[in-house]
Each structure stands twice: as structure tokens, then as C-alpha cells.
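Below, each chain spelled out in residue letters.
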Amino acid sequence: MTALGKLFRTTTFKLTLVYLTVFALFAAFLLGYFALNTRRLITEQITDTVNAEITGLSEQYRLGGIRRLVVVVDSRARRPGSSLYLVTTFAGESLAGNVTSLPPGTLDNPGWTETVYRRLDEAEAGEHPEHHALARVFQLPGGFRLLVGRDLDERERLYNIVLSAGRWSIAIVIVLGLAGGLFVTRRVLRRVDAMTETTRTIMHGELGGRLPVAGTGDELDRLAENLNLMLERIETLMHGLKEVSDNIAHDLKTPLTRLRNRAEQALRSAENETEYRAALDSTIEESDGLIRTFNALLMIARAESGHTRDDMSEFDAAEIAHDVGELYEPLAEEKGIVLKVEARSPTPLKGNRELISQALANLVDNSIKYAQPRDLINGAPAEITVCALSEGDRILLTVADSGPGIPEADRGRVVERFVRLEQSRSQPGSGLGLSLASAVARLHGGELTLTDNQPGLKSIIALPRGGPVQIAG
Amino acid sequence: MATYADISGRRPSRRTAEAQPDRVTMRLLVIEDDRDAADYLVKAFREVGHVADAATDGDDGLAMALDGQYDVLIVDRMLPKRDGLAVIGALRAKGMETPALILSALGQVDDRVKGLRAGGDDYLPKPYSFSELLARVEVLARRRVGRSEETVLRVGNLELDRLSHQVHRGEEEITLQPREFRLLEYLMQHAGQVVTRTMLLENVWDYHFDPQTNVIDVHISRLRSKIDKGFSQPLLHTIRGAGYMIRDGAR
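This structure is a prediction, so every number in the text was calculated from the model and none was measured.

Description of the overall build of chain B
A tally of helices and strands in chain B yields 8 helices and 12 strands. Classification of the 251 residues of chain B by burial places 40% in the buried group. Long-range contacts, defined here as pairs at least 24 residues apart, represent 59% of the contacts in chain B between residues at least 6 apart.

What to know about the overall build of chain A
Across its full length, chain A carries 10 helices and 13 strands. Buried residues in chain A amount to 25% of all 473 residues. Residue pairs at least 24 apart in sequence account for 62% of intrachain contacts in chain A once pairs closer than 6 positions are excluded.

Considering the sheet that holds strand β5 (residues 131-139) of chain A
Residue and element names in this part refer to chain A. Spatially, β2-β1-β6-β5-β4-β3 is the arrangement adopted by the 6 strands of the open sheet, whose pairing is antiparallel. Edge strands, defined here as strands with exactly one partner in the open sheet, are β2 (94-97) and β3 (99-100). One ladder, built from 3 bridges, connects strand β1 (residues 84-88) with β2; its direction is antiparallel. Bridged to T88 within β2 is S94.

Let's talk about the nonpolar core
Here is a general trend for soluble globular proteins: nonpolar side chains tend to be buried in one another's company. Judged by nonpolar contacts, the single largest core of 113 residues is most densely connected at A:A321, A:A359, A:L360, A:V364, A:V440, B:V30 and B:I74. Dropping the residues within four chain positions of it, A:A321 is found in contact with A:V341, A:A343, A:L360, A:V386, A:C387, A:A388 and A:L397. Core analysis: the second largest hydrophobic core is formed by 23 residues, A:L57, A:V87, A:L102 and A:A135 among them.

Remarks on the pairing of strand β3 (residues 72-76) of chain B
Two faces make up the sheet, and in a regular strand the side chains alternate between them. Residues and elements named next belong to chain B. Of all the 5 residues making up β3, 5 are buried; the element is thus mostly covered by neighbouring parts of the structure. Of the two faces of β3, both are covered, the one formed by V72, I74 and D76 as well as the one formed by L73 and V75. Note: strand β1 (residues 27-31) against β3, 4 bridges, orientation parallel. The partner of L28 across the bridge, within β3, is V72. Bridging between β3 and strand β4 (residues 100-104) involves 4 bridges; their strand directions are parallel. Residue pairing in the sheet places L73 in a bridge with A100 of β4. Crossover β3 to β4 through helix α3 (residues 84-93) is right-handed.

So, the environment of A:Q265
Checked against the element boundaries, A:Q265 lands in helix α5 (residues 219-269). Spatially, the C-alpha atoms of A:Q265 and A:A279 are 8.5 Å apart, while their sequence positions differ by 14 residues.

Concerning the sheet that holds strand β8 (residues 337-343) of chain A
Residues and elements named next belong to chain A. Across the sheet, which stays open at both edges, the 5 strands sit in the order β8-β10-β11-β13-β12 with mixed pairing between neighbours. Of all the strands in the sheet, the pair left with one neighbour each is β8 and β12 (447-452). Averaged over all pairs of adjacent strands, the angle between strand axes in this sheet comes to 15 degrees, irrespective of strand direction. Taken together, the 7 bridges between strand β11 (residues 394-401) and strand β13 (residues 457-464) define a ladder with antiparallel strand orientation. Each residue of the ladder has a partner; that of L396, found in β13, is A462. Strand contacts of helix α8 (residues 353-370): β8, β10 (382-391), β11 and β13, with the helix running at about 20 degrees to β11, the strand carrying the most contacts.

A look at the pairing of β1(A)
Residue and element names in this part refer to chain A. Within β1, 4 of the 5 residues are buried, leaving the element largely enclosed by the surrounding structure. Bridging between β1 and strand β6 (residues 145-151) involves 5 bridges; their strand directions are antiparallel. Counted as the bridge partner of V87 is L146 from β6. The antiparallel pairing of β1 with β2 creates a hairpin that spans 5 residues between the two strands, and G92 there sits at a positive phi of about 100 degrees.

Focus on the confidence of the model for chain B
Reading predicted coordinates in detail is not appropriate for stretches of low pLDDT. Of the residues in chain B, 87% reach a pLDDT of 70 or more, and the chain-wide mean stands at 82. Throughout residues 1-17 of chain B the model reports pLDDT below 50, and contacts reaching past four residues in sequence, or to other chains, amount to 22 contacts.

Overview of the environment of A:G466
Structurally, A:G466 is set in the segment after β13. Taking the C-alpha atoms as reference points, A:G466 and A:P348, 118 residues apart in sequence, are found 8.7 Å from one another.

A look at the interface of chain A and chain B
Every contact between the two is made by 21 residues of chain A and, on the other side, 19 residues of chain B. Class assignment for the residues of the side of chain A that touches chain B results in 6 nonpolar, 7 polar and 8 charged.

Points about the packing of helix α6 (residues 273-305) of chain A against helix α10 (residues 433-443) of chain A
All names here are of chain A. Closest axis-to-axis distance for the α6/α10 pair is 8 Å, and the angle between their directions is 20 degrees. On the basis of the axis angle, α6 is roughly parallel to α10. Crossing of α6 against α10: the hand is left-handed. Contacts between α6 and α10 involve A296, M299, I300, A303 and E304 from the former and S435, L436, A439, V440 and L443 from the latter. Looking at the contact of α6 with α10, its residues break down into 8 nonpolar, 1 polar and 1 charged.

Definitions and limits used
Residues numbered from 1 in each chain as written. Chains lettered and ligands numbered in written order. Predicted model: local features only at pLDDT ≥ 70, side-chain atom pairs only at ≥ 80, totals over all residues. Helix = DSSP H or I, 4+ residues; strand = E, 2+ residues; numbered from the N terminus. Buried ≥ 20, exposed ≤ 12 C-beta atoms within 10 Å, placed from the backbone. Contact = placed C-beta atoms within 7 Å. Pairing = 2+ DSSP bridges. Core = buried A, V, L, I, M, F, W, Y, C linked by C-beta atoms within 7 Å. Right-handed = clockwise from strand over helix to strand, strands pointing away. Axes fitted to C-alpha atoms, helices over the stretch in contact; angles between N-to-C directions. pLDDT = per-residue confidence, 0-100. Nonpolar A, V, L, I, M, F, W, Y, C, P; charged D, E, K, R; others polar. Parallel < 35°, antiparallel > 145°, perpendicular 65-115°, else oblique. Left-handed = near helix turned anticlockwise from the far one by under 90°.

Structure (C-alpha cells):
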């Protein structure tokens, strides 16, 4: 498409054309109406004047006969800007007046007539311009004829002036309108083109690109701002996705390599059934671990995409704390840890019960893994406290332990997928527990924070009581 | 070394000491479009003594299920011609109540709920272990007998009264926590059958996630210390590679 063709196709330009046409038609109608009415008004004026003069002159004739009429007409005809007069005998012989060269037969019919004529003074001076006039022929008693008329040139001149003014103004309206329309259209088109250009670079993989915002706050700006927000979100998601695939590649490859090595080793050097069996057993164990990691990843991905948001119900957070505490209590006891639950029913919360339970379970599991018996210091056993309490319009689910804690600098990082601090590499686990808890919290419009329990770690899942608030705008 | 998952068919003599499930021959239908997976399942089921057939698409599966007199159907979620849920729906519409276990690669909570709502009786996400599948199928087949209606469950000299919530072993009364009671109740409902950790987590705790560390094992060992400690004949057995089973070993 050519640049001009593109310009003509824009909505703005089409709108300009429509407005221009409507406006021009309206102006033409207005001026036409004005011209016609002016003309009609002038004609009426002429008629009135002529009628009055005829009445006056026939009165003079009645009073003083033809002689008096001729004198009066002569004197009136000589005034500048006078009307047109002609007095003739029955035979058509001119007796007085300022008109000559009337078409033959003009005087035969009494009444109104539009006619051409020459002025007597001009004819005597040798000039012969033809004029138009509106005149009335009046038959006087005694066979004399009287013609009184007014020149029409003035009327026509005025009419023509109005008409030409109309033509010009319409032409100017069209030219200015078109120019304005083109200007506006080009401006809009330029901005749309810039947006198109940006989207094209974004589509080519340049995810950091943003639509230009002119800063005028108009509708295009609003559109651009919203699209930019959307792009922002997409970029974050894409970034997350890339990070996940990188991490998956890294963290799944390790156990896969181990698995493969073991199978290979068994094929190469196993000597009896027992050894084969052992190799197969460890293969199954390793693949179970892989499946577990994979499931956790899927779960996080789904929680992050907000997919599970439909599955929300109202339940008692205290009950969840008690249930999870109860599930882990024997395990804690086996490790010499005291697990306590502090939660008063009811603590109503709206959310996905299963996911919140799992998030809390992950935190407890985490604490049990890393909790150190405090007896090193004062002989008291290690403690883990699970709490559910409401604070303002939020519900806090916390797990506090007396373990080594997490250095402040690392607290943000451990929530990421697969991040396990160096000192914990020896512990079993996928490194996904905290990321899942964090994803679940975010799904519900809340957050996971890790703080110092002095000593130990305190993990807090803070959730809005009424479930996630839909993000507006 | 021998495990419950062992499908080799060979039964080494040293295994006789281990508890064996009371296995009744079942007629099973596997509806699965992946031929390898279907063959593997049919072979594995036959090796543990069941009769198994396979269908590779939804239409065939439905036709076979309608006149096959099967005890349990194992239905893949996504099938050519007719979706797994549609197969179960069509069966239920015809008044067939054959228990159906859904296998699905989707494996998420809402997907499970959808499957159960469509008329499935159990749900197992892929990839699964055969021992898990077998345990669930056997539980489904046995469910028809209606054992869960009994008010007093007995295994050997262990007795659980579901109304008074009392448990006795012989003359001795055993005190259990509420959750331990439910755990024992579930195990005794399926006495003689293998119950996996996931099944326990789902049915006793109502959780459908994987609690990473094996918390169930600790609960079981607690329960075991209460019901088996001090008795010469243990009732609660660990089935390696599969799960647990409560069974009167004296029979």
C-alpha cells in the first residue's frame, strides 16, 4: 500500500471527508437561501416604488393634464439615481422621459414587464450600453401612456456578489478541511505506525520493546499504556518460563545422568541377579524422585498461571494448621523435635484448601529437615511452632523453627525454584518446597516472607481473608 | 529383595516369610491407546494371576466393557474415537456400575475431580507405578462386596468397633488418637489387600499432594507399636515397594 493510499484509508480521513461534505452542503444551502431572499426583497421594493410613482404621476395628470405631467416627469428624470420614465402619445411618440430604445411593442400592453432599455443621456453621449429594467406601463385617460421602471442591475450585482462569496467560501472550507484532515490523519497515522513498528519488533523476539506514549493522555496514549502493561506481564511470564526451563534442564539432567550411569554400570559389571535387582531398584527410586520434582514444577507453574483460581472455597485456616501439624507431629517427634500448633478456631479463610495445606506442609517439612536440637545451647529440645492467626484483613500462617535459619542475604533467593543453599545440598529434597509455597501465596493475592526467629527461621504465608482480589484495569 | 511389584512370575522361596495379599482372580479391561503401555499392563496383571484384556480406542473399549463382565476397568483419559470420560459416562448411562479407574497424564487436582465426577471410581496420574495401580484396582474390585458397611471390623484377634470407636486386641483395649483410628479403620476395611501410601494420604488425610518426606511411614510405625507390640503374631505388614497391609498371618 502506498503512503497516500494508507492515508486515505484511515478512519480519521474518512471521517474528515464526511464532515467536510456535510459542512459544505450546509454552507451552500445557507448562501443560496440568502441570495434568493435578497433578490426577492429587492424586487418587492422596486414594485412598491414604481406603484407609488405611478399613483403620484397619474394624480399630476388628473390635476394638470399632459402638460403638467411632462413637466413633472422631466424634472424627476433629471435627478441623479432617478427611476426610469417615459411618456408617449397614443401613437408612441415620446413626450418626456429618460428612456429610449425600448423593444417595439413594449408600450402596447399595460402592466408589468421586464425589458431591456438604453438611457437617453447615455445614447445622446454616443454610448449604447443595454440595461435591464423592471417597469410598469400605465394607460392614462386620453390615450397617453406612462412607463415607470427601476433599473435591475443593482439587484443582479448583489445577487452575483452573494453567489460568488458562496462559491469562494465553500472552496476555502473544502481546502482548509482537507488540509486539516490530512494533518490530523497523518499525525494519528504516524503514531499508529510507530506502535505497529514496535509490535513488529516485539513479535520478532525483542520482548523489552514498549509502545511510545505521547504523554497527552488521549485515547491512543491510554491504549498504549494498557498494551505496555500487558507486554510487561508477558515479559515477566516469558522470563519466568525461560528461567524454569533453564532450571529444569539443569536440575533434571543431574538425576537423569545419574540414572543412566547406574543402568549402564549395571549392564557392564553386574554379575548376578542381586546386583541387577539393586540397580533396577535404584533406577526406580531415582525416577520416582524425578517424577516428584516434575509434579512439583507443574504444580508451581499452574499456581503461577492462576489456573487453579476457580477452585476456591471457604474453610477454617486453624483446622489446616492442626491437620498439617498432626500429619508431621510423629515425624518431628522421631527426630526429637517438639511440634506445637497455635491456632484458634475458627479462622475463616477463602482459598484453595488443598494448595494452602500443601504450602504449609512444605514449610513444616522444610523446618523439620533443617531444625537443630537446641540442646546444644541449653538442653531444651528443638521446637517448631505452627500458627494460624488473623491480623486485620489478612490470615497469617506461620511456621517458626529453631534451626540454622537463612542468612538475610539469601532469603529472597531461596524462594526461587531449585535454589538450595550450599550448606543444605546434602539434604534430600527438590528445592521446590519454598517456591511452591510462594507461588501458592501469590495465587491467593498474598505473599511468603522469611524472617529471623532468633534463632531459626520464621516463614510467614500472609493471605487476604476473602481470597484473591481480581486485578482490575 | 523380592517386592510386591515383582512381576517376573518367579516366586523365590525366601519370600514365603513375607505377607501375601489374599488375591482373588479378577477380570480386568485395560482401555489405553498406547499399545506398549496396554501390553505392559495386560502382561503384568496376568503375571500376578488376573485375567486382563486390552482395547485401544474408546469405541472398542465401550463395546467390550458392555458385554465383558469385567470386575474393574482401567481407562486412559485421552483416547481416540471416544474420550475416556465419555466411555465411563456411556457405561453409567446404560446402568453399568463396573468400577472404573482413570489413568491420566494431566494429573492435577481439578482434573481428578472432573474424572471422579464423570463417574470414575478412582484416579491415578501418569506416570504411575504398577504396584500402586494394582493395589488400587484390587481395592476397587473388592469394594463391591460391601465390606465397608460392617460396624465391627476384625482381623485375627484385633477388633475395631466403628460405632463405639473402641479397639481391642484380644482382651486388651488399645487407645488410639482419632487419626490413628481412621488409619486403622481404613487398613482393616481393606484387610488382606495392599494399601499404598498415596491411598492412605488420600483416604485418611484427604490430601492429594506429595508430602516429600515419608510422613505416612512414621504414622504407621506409631500405629504398629500400639497394635502389634507385645504380640507374637504381627498383623500390620510392610509390603516393600508398594505399601502396607493388615492381615491375619495365622490363617
